[in-house]
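Remarks on the overall topology
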Amino acid sequence: MTWAASRPAPARHSQGVPARLTESAVVRLAEDWFAALDRRAPVADLLPLLVRRGLVLHLPEGVFREREGFRRWYAAASRGPAGGVHTLASADVRLNDGPSAEIRLGVGRRGRRRAGLARRRAPAHDVQQIWTVVREEGAVRIRTCSVTGLSARPQTPA
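Everything in this summary refers to the structure shown in the same document. (Residues numbered from 1 in each chain as written. Predicted model: local features only at pLDDT ≥ 70, side-chain atom pairs only at ≥ 80, totals over all residues. Heavy atoms only, no water.)

**Quick look at the pairing of strand S2 (residues 62-65)**
For strand S1 (residues 56-59) and S2, the ladder comprises four bridges, and the chain directions are antiparallel. Bridged to Val56 within S2 is Arg65. Between S1 and S2, which pair antiparallel one after the other, the connecting turn spans two residues. (Pairing = 2+ DSSP bridges. Helix = DSSP H or I, 4+ residues; strand = E, 2+ residues; numbered from the N terminus.)

**Observations concerning the nonpolar core**
Counting 35 residues, the largest nonpolar core has Trp33, Phe70, Trp131 and Val133 as its most contacted members. Listing elements by their share of this core, those giving two or more residues are helix H1 (23-38), S1, helix H3 (66-78), strand S4 (100-111), strand S5 (122-136) and strand S6 (139-156). Tallying contributions element by element places H1 first for this core, with nine residues. Among all residues touching Phe70, those that are not within four sequence positions of it are Trp33, Val43, Leu46, Leu47, Leu50, Leu55, Leu57, Phe64 and Arg65. (Core = buried A, V, L, I, M, F, W, Y, C linked by side-chain atoms within 4.5 Å. Buried < 20%, exposed > 50% of the residue type's maximum accessible area, 1.4 Å probe, protein only. Contact = heavy atoms within 4.5 Å.)

**Concerning the environment of Arg67**
With respect to the helices and strands, the residue Arg67 is situated in helix H3. Its relative accessible area of 14% is what places Arg67 among the buried residues. Spatially, the C-alpha atoms of Arg67 and Leu57 are 9.8 Å apart, while their sequence positions differ by ten residues. Ignoring sequence-local partners within four residues, the contact set of Arg67 consists of Leu47, Pro48, Leu50, Val51, Arg52, Leu55 and Arg141. Separated by 3.3 Å, the side chain of Arg67 and the backbone oxygen of Val51 make a polar contact. (Polar contact = N/O pair within 3.5 Å; in protein donor to acceptor, adjacent residues only side chain to side chain.)

**A short note on the environment of Gly106**
Within the fold, Gly106 resides in strand S4. With 23 residues separating them along the chain, Gly106 and Gln129 place their C-alpha atoms 6.6 Å apart.

**Brief notes about the side chain of Glu136**
Inspection of the secondary structure assignment puts Glu136 in strand S5. A distance of 2.6 Å separates a polar atom in the side chain of Glu136 from a polar atom in the side chain of Arg141.

**A word on the packing of aromatic side chains**
Taken as a whole and assessed by the stated rule, the structure comprises six aromatic pairs. Judged by centre distance (5.9 Å) and plane angle (40°), the ring pair of Phe70 and Trp73 falls under tilted. On the criterion of helical spacing, the pair formed by Phe70 and Trp73 is a turn pair, its members being three residues apart in helix H3. For the pair Phe70 and Trp73, a shared accessibility class is recorded, and that class is buried. Ring centres of Phe70 and Tyr74 lie 5.5 Å apart, and the angle between their planes is 20°; on these two criteria the pair is classed as stacked. Separated by four residues within a single helix, Phe70 and Tyr74 lie in helix H3, roughly one turn from each other. Residue class for Tyr74 comes out buried when judged on its relative accessible area of 8%. Members of the aromatic cluster, each reached through a chain of ring pairs, are Trp33, Phe34, Phe70, Trp73, Tyr74 and Trp131. (Phe/Tyr/Trp six-rings, centres within 6.5 Å; stacked < 30°, edge-to-face > 60°.)

Any link to function would need more than the numbers given here.
Structure, rendered in structure tokens:
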């Protein structure tokens, strides 16, 4: 089942306009996003979490626009060492009028230790991000993502 298919239909106002986003729906999007990254989901599983047009990602590797830019970034990121684990440490949601919101995220990321490196510890980082999310075609989706802070943590066992 795809992400979009697993969500209930959005609530609508009497005029047929999508209802305002909820904090829980926005946080659930962030949780789904990081869970998909952790399991190295196929790009096709991540695309429904992104807007169809107007996507802008400001990442440490550069600025990536639209879904095609995301595909390029994800392909390069997926070629690296075996993934990592993301922990959502904080989520400060600001609901806007209409079907949009801003979320400020604090995320812990711990890399996975590769086989044969028993003495090495997995790298760990604290990442701060700001997302703009919208309701599009009945689903909550990421419109913008900006990594605003990245700092190394003392290394921890994997």
